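Per-entry structural report
Take a look at the letters that make up each chain.
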Amino acid sequence: MTPAIRPTPGARATITTPTDREIRIERIFEASRDRLWKALTDPAQVARWRGPNSSRVEIERMDVRRGGHWRFVEHGAKGADGFEGRYREVMPPERLVYSFE
């Protein structure tokens, strides 16, 4: 099993709102760009990485291409919650932009 990818110690997420319909979150991780890309685009790794430790994340759909649809369902103590969106930009391993609904 691959060790968990962790944020760089002391580094905080930078959150900005470039427009009234956009939120940008930037973080620095202790991992290679290729390893982080895989953690964000491989369904098995996404299921392990997303959500709180007390829940299980089911990947219902993950079509990582421009215009592709993703849908994750988080199963926790209070039931299930679904989240989905569309991939807006996919430029391996440089840039991944997606909507979140």
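Each remark here, short or long, concerns the structure printed above.
About the cut-offs
Chains are numbered independently. Their residues run from 1 in the order of the written sequence. Totals for whole chains, interfaces and linings use all residues, but because this is a predicted model, local features are given only for residues with pLDDT of at least 70 and pairs of side-chain atoms are given and counted only at 80 or more. The basis for every side-chain value is the complete set of non-hydrogen atoms in the structure, without hydrogens or water. By this definition, two strands are paired if DSSP reports at least two bridges between them. Helix and strand assignments come from DSSP, with helices taken as H or I runs of at least 4 residues and strands as E runs of at least 2, each series counted from the N terminus. When accessible area is computed with a 1.4 Å probe and restricted to protein chains, residues below 20% of their type maximum are described as buried, those above 50% as exposed, and intermediate ones as partly exposed. The contact criterion used is simple: two residues touch if any of their non-hydrogen atoms lie within 4.5 Å. Note on aromatic contacts: the rings of Phe and Tyr and the six-membered ring of Trp form a pair at centre separations within 6.5 Å, being stacked when their planes are under 30 degrees apart, edge-to-face when over 60 apart, and tilted otherwise. The convention used is that axes are lines fitted to C-alpha atoms, helices contributing only their stretch in contact, and that angles between N-to-C directions extend from 0 to 180 degrees. Salt bridges, as used here, are contacts in which a Lys or Arg side-chain nitrogen is within 4 Å of a carboxyl oxygen on Asp or Glu.

**A short note on the pairing of strand E1 (residues 14-19)**
- Bridge analysis of E1 against strand E2 (residues 22-26) gives four bridges, and the strand direction is antiparallel. Bridge pairing in E2 links Thr19 to Glu22.
- Between E1 and E2, which pair antiparallel and follow one another directly, the connecting turn spans two residues.

**Overview of helix H1 (residues 33-41)**
- For H1, every residue scored as buried is listed here: Leu36, Trp37, Ala39 and Thr41.
- Those residues of H1 hidden inside the fold are in contact with helix H2 (43-49), strand E3 (56-62), strand E5 (79-91) and strand E6 (95-98).

**A look at the packing of aromatic side chains**
- Summed over all chains, the structure comprises five aromatic pairs.
- Judged by centre distance (5.7 Å) and plane angle (40°), the rings of Trp70 and Phe100 are tilted. Of this pair, Trp70 sits in strand E4 (residues 69-76) while Phe100 sits in the segment after E6, and the two are 30 residues apart along the sequence.
- Taken together, a centroid distance of 6.2 Å and an interplanar angle of 65° make the contact between Tyr87 and Tyr98 edge-to-face. Remark: Tyr98 occurs in strand E6 and Tyr87 occurs in strand E5; sequence separation between them is 11 residues.
- Taken together, the aromatic side chains of Trp70, Phe72, Phe83, Tyr87, Tyr98 and Phe100 make up a single cluster linked through ring pairs.

**Considering the sheet that holds E3**
- Strand order in the open sheet formed by four strands is E3-E4-E5-E6, with antiparallel pairing between adjacent strands. With one partner strand each, in any of the chains shown, E3 and E6 form the two edges of the open sheet. Here the strands of the sheet are splayed against their neighbours by 30° on average, with no regard to which way each runs.
- Where E3 and E4 come together, six bridges link them in antiparallel fashion. Residue pairing for E4: Glu58 is matched across the bridge by Val73.
- In the packing of H1 onto the sheet, contacts are made with E3, E5 and E6, and the angle to E6 comes to roughly 25°.

**As for the environment of Val73**
- Take Val73: it is sitting in strand E4.
- Measuring from C-alpha to C-alpha, the distance between Val73 and Glu58 comes to 5.1 Å, with 15 residues separating the pair along the chain.
- Filtering out sequence-adjacent residues up to four positions away, Val73 remains in contact with Arg56, Val57, Glu58, Glu60, Ala80, Asp81 and Gly82.

**Brief notes about the pattern of salt bridges**
- Inspection of the entire model under this criterion finds six salt bridges.
- A salt bridge links Glu60 to Arg71; its shortest N-O distance comes to 2.8 Å. You can see Glu60 sitting in strand E3 and its partner Arg71 sitting in strand E4, a full 11 residues away along the chain.
- With relative accessibility at 45%, the residue Glu60 sits in the partly exposed group.
- Several salt bridges converge on common partners, so that one network encompasses Glu60, Arg71 and Glu84.

None of the figures reported here should be taken as evidence of function without further support.
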